[in-house]
Amino acid sequence: LKAWTKVGDLTHELKGKEVLIRGRAQTMRAVGKNMAFIVVREKGFTVQCVVTAQPDVVSKQMVKFAAGLSRESIVDVHGVVSVPSIAIKGTTQQVEIQVSKLYCVDKAMPTLPINIEDASRSEKEIEEALQAGEKLVRVNQDTRLNNRVLDIRTSANQGIFRIQCQVCNIFRQFLLSEDFIEIHTPKLIAGSSEGGSAVFKLDYKGQPACLAQSPQLHKQMAICGDFGRVFEIGPVFRAEDSYTHRHLCEFTGLDIELEIRQHYTEVMDIVDRLFVTMFDHLNNKCSKDLEAVGRQYPFEPLKYLRKTLRLKFEEGVQMLKEAGVEIDPYGDLNTESERKLGQLVLEKYGTEFYILHRYPLAVRPFYTMPCYDDPKYSNSFDVFIRGEEIISGAQRVHAPELLAERAQACGIDVSTISTYIDSFRYGAPPHGGFGVGLERVVMLFCGLNNIRKTSLFPRDPLRIAP
Ligand code: ATP
Ligand code: AMO
C-alpha cells in the first residue's frame, strides 16, 4: 500500500479498508503480552492503533516493540480501519486501526520536557483530573515557550496557526480581488516611522539605522509611485518595554494603503468588507480548527454585524461618560476604557467588532490628516475586537510642508525621513490606509488571553529564543 491517509480523514466510511498513516506515537499502553494500544497523532488529530499478537501477522515481539516506543517517535502504521462498539475517549477520531505492520521512522529521546497530553488539556480537564487524584503537570507558559517545538504540536496550537494562515490567505485574496498589488518594503530603514523611542537601533555599515516600526513610509511612497492600491504582509519591530498580554517586540503587520477619491470613509469601507469576508470564511471553512482551539481554550464565537458599526470618538467618549467613566475628549483611551467601551458597544449595538473614528489629532502619528472641519480631530480610526485594538488607520497628510512641520512637532528628526517627505513634492494623490496586527486578530477572534499564544516563536522584551 503506497497511498497515505491523513489521521484527520479517518472516519467510519473507511471501515474495513486498509490504510497507511504516518504520525507520532503519543501514548503507549500494553495489555498483557499480546496486546498494545498506541495513540498516533498527526497534525493535531489522534487515532487509536491496536496491536494484537496473531500468528503469521503480528509477533509478540512486535507487540513488545510497540508498547516500548518512546513518546513522540515518528511511526508508520499499516492496518485495517475498524469501528469499536463503545465510543473511544481521548482521541479525535472515532475509529481504530487494527495494526498489521508498524515501523519506527525516527525515535524521540525517552524523556521529554513537555508531555503533549498534559499540554493539551483545558483548564477544566486539569481541575477534574486533579480532583480525581490524578498526577499531572500543569504546563506553564514559559515552559511551553521554552519548548515551543513540542508545544506547537498540541491540537489547539495546530488549529491556531492554521487559522492564522487563513487570516493571511483571506487578506491577500480579498485585496488582490479588489485590485491591490502586493509589495515588499525594506525592514532596514534610516529612522523611526511611527515616532517615539520604540525602535531597535543598529549599525548599517557605519550609518545609524533601525528595524522598521511599520511599512508606513514606504507604503505611502508606493502610492506616490502610482501603484494606486498596495498591501504588504511582513514583520514589524517595536522595541517597546511592554510587558502586557498584547504587545510583542516583533509581530506580523498586515498593511494596506490606497488612493482616496473623496473621503477617508473609503478606507473604512475596505475594513468592513475585508473583515466580514474574513470572519465568515473562518467560521464556515475553519470549523475543525476553531473546535480544536475551543476544546482547550473554550470561547464564544465573535459577534459581528453584516455592516460594521462606525462610532465617532466623541460618541464613544459620551457613552463612557454616561457610564461614569470620565475621558479627556482630546486625549487617548487607555486599555481599561477601551475594554469598557467594548462592553457598552456590545450591550447597545450587539457587536464585538467595530470601528471608532475621528480621533483627536494630538494622539495620532505625525502623518495623520487633520479633519477639515475641526483640526482638533483627525481623519483616523482604530478597530476593535472584544474591546481590544487590532487596527490603526487614517487618511495621510500629502502636503510636504505640513508633513515636515507635523513630524518636527512630534519629535522626529526630519533629516532621517527627508526622502519620504520629498516624495510628496512631485504631486501626490490623497490617500490613506491601515495596519492590522495579525497575532492580535487571531488572539481576539479566538478569545485567547495572551498574544504569545498566537505568535509561532514570540519575541517580547524578555525573550529572543527559541
Ligand atoms: P498602538 O498601535 O497605537 O501602539 P497599542 O494597542 O499597541 O496601540 P499603545 O498605543 O501602545 O497600544 O497603548 C495603548 C494603551 O495600552 C495605553 O494607553 C496603555 O493604557 C496601554 N499600554 C501600553 N503599553 C503598556 C504597558 N507596557 N503596560 C501597561 N499598559 C500599557
Ligand atoms: P499601529 O502602531 O497602531 O499603527 O500598529 C498597527 C497594529 O499593529 C498591532 N500592534 C501590535 N501587535 C503586537 N505587538 C505590538 N507591540 C503591537 N503594536 C501594534 C495592533 C495595531 O493596531 N502605521 C500604522 C498603521 C497605519 O496607519 O497604516 C501603525 O503602525 O494591532
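Preceding this paragraph is the structure being described.
Counting restarts for each chain, with residues numbered from 1 along the sequence as it is written. Here the convention is simple: chains get letters from A, ligands get numbers from 1, in the order in which they are written. Local features in a predicted model are, by the rule used here, given only for residues with pLDDT of at least 70; side-chain atom pairs are given and counted only at 80 or more, and totals for whole chains, interfaces and linings are based on all residues. Calculated side-chain values reflect all of the structure's heavy atoms, with hydrogen atoms and water omitted.

Moving on to helix H1 (residues 60–67). One turn of an α-helix holds 3.6 residues; hence residues three or four places apart share an orientation. We call a residue buried when its accessible area falls under 20% of the maximum for its residue type, exposed when it is over 50%, and partly exposed in between, using a 1.4 Å probe and counting protein chains only. Numbering of helices and strands runs from the N terminus; a helix is a DSSP stretch of H or I covering at least four residues, while a strand is a stretch of E covering at least two. Among the residues of H1, those classed as buried are Met62, Val63 and Ala66. Viewed along the axis of H1, the buried residues span an arc of 100°, placing them on a single side of the element. Across from the buried face of H1, at angles greater than 90 degrees, the exposed residues are Lys60, Gln61 and Lys64. We call two residues contacting when some pair of their heavy atoms lies within 4.5 Å. Each element contacted by the buried residues of H1 is listed here: strand S1 (18–31), strand S2 (35–42), strand S3 (45–52) and strand S5 (96–106). Directions pointing from the helix axis toward each C-beta atom define the arc.

In the neighbourhood of ligand 2, 24 residues make up the surrounding shell, with Glu194, Gln216, Lys219, Glu240 and Glu389 lying closest. Within the backbone of Leu248, one N or O atom sits 2.8 Å away from a nitrogen atom of ligand 2. Between N or O atoms, a polar contact is any pair within 3.5 Å; within protein, one atom must be a potential hydrogen donor and the other a potential acceptor, and residues adjacent in sequence are included only when both atoms are from side chains. One of the side-chain nitrogen or oxygen atoms of Glu389 is found 2.6 Å away from an oxygen atom of ligand 2. Expressed as a share of its isolated accessible area of 630 Å², the protein-covered part of ligand 2 is 92%. Of all the secondary-structure elements, those providing two or more residues to the shell around ligand 2 are helix H7 (216–224), strand S11 (250–259), strand S15 (388–395) and strand S16 (431–437). Residues are sorted three ways: Asp, Glu, Lys and Arg are charged, Ala, Val, Leu, Ile, Met, Phe, Trp, Tyr, Cys and Pro are nonpolar, and all the rest, Gly among them, are polar. Partitioned by chemical class, the residues of the shell around ligand 2 number 7 nonpolar, 8 polar and 9 charged. When at least one non-hydrogen atom of a residue lies within 4 Å of a molecule or strand, that residue is treated as near it. Residue exposure ignores everything except the shown protein chains as possible cover, and the areas themselves are Shrake-Rupley values with a 1.4 Å probe.

Let's shift gears to empty space enclosed by the protein. For each structure, a 1 Å grid was placed over the protein atoms alone; sets of points admitting a 1.4 Å probe that cannot get out are labelled cavities, open sets with protein on both sides within 12 Å along at least five of seven lines are labelled pockets, and lining residues have an atom within 4 Å of a point. Grid points are joined across faces, edges and corners, and a volume is the space filled by probe spheres set on the points. Within the structure shown, the criterion is met by 2 cavities of 30 Å³ or more. Considering the residues around the largest cavity, the lining is formed by Gln141, Arg144, Leu145, Arg148, Asp151, Asn157, Tyr297, Arg452 and Lys453. Looking at the lining of the largest cavity, the elements that each hand over two or more residues are helix H4 (141–146) and helix H5 (148–151). When residues in the lining of the largest cavity are grouped by element, the largest group, 3 residues, is from H4. Looking at the lining of the largest cavity, its residues break down into 2 nonpolar, 2 polar and 5 charged. Approximately 50 Å³ is the volume attributed to the second largest cavity. Along the walls of the second largest cavity sit Lys43, Gly44, Phe45, Thr92, Ser155, Arg162, Lys288, Asp289, Ala292 and Arg295, which together make up its complete lining. Elements that contribute at least two residues to the lining of the second largest cavity include exactly helix H6 (155–177) and helix H9 (287–296). Of the residues assigned to the lining of the second largest cavity, the class counts are 2 nonpolar, 3 polar and 5 charged.

Our next topic: helix H8 (residues 265–285). One less than the number of residues in a helix, times 1.5 Å, gives the span that helix is expected to have. Over its 21 residues, H8 runs 30 Å from end to end, which matches the ideal 30 Å to within 8%, given 1.5 Å per residue. Within the span of H8, buried status applies to Val267, Met268, Ile270, Val271, Asp272, Leu274, Phe275, Val276, Met278, Phe279, His281 and Leu282.

A word on the environment of Met369. Tracing the backbone shows Met369 in the loop between strand S13 (353–357) and strand S14 (380–385). In sequence terms Met369 and Tyr264 are 105 residues apart; their C-alpha atoms lie 9.6 Å from each other. Contacts of Met369, omitting those with residues within four sequence positions, involve Ser378, Asn379, Gln395, Arg396, Val397 and His398.

Strands are treated as partners if at least two bridges between them are detected by DSSP. The strand order S6-S10-S11-S16-S15-S14-S13-S12 describes an open sheet built from 8 strands, whose pairing is mixed. Strands at the two margins of the open sheet, each flanked by one partner only, are strand S6 (181–182) and strand S12 (309–312). Bridge analysis of S14 against S15 gives 6 bridges, and the strand direction is antiparallel. Note that in S15 the partner of Phe381 across the bridge is Gly393.

Relative to the helices and strands, Arg41 resides in strand S2. Looking at Arg41, its side chain comes within polar contact range of the side chain of Glu72, at 2.9 Å. Not counting chain neighbours up to four residues away, the residues in contact with Arg41 comprise Gly23, Arg24, Gln26, Thr46, Glu72, Ile116 and Arg153.

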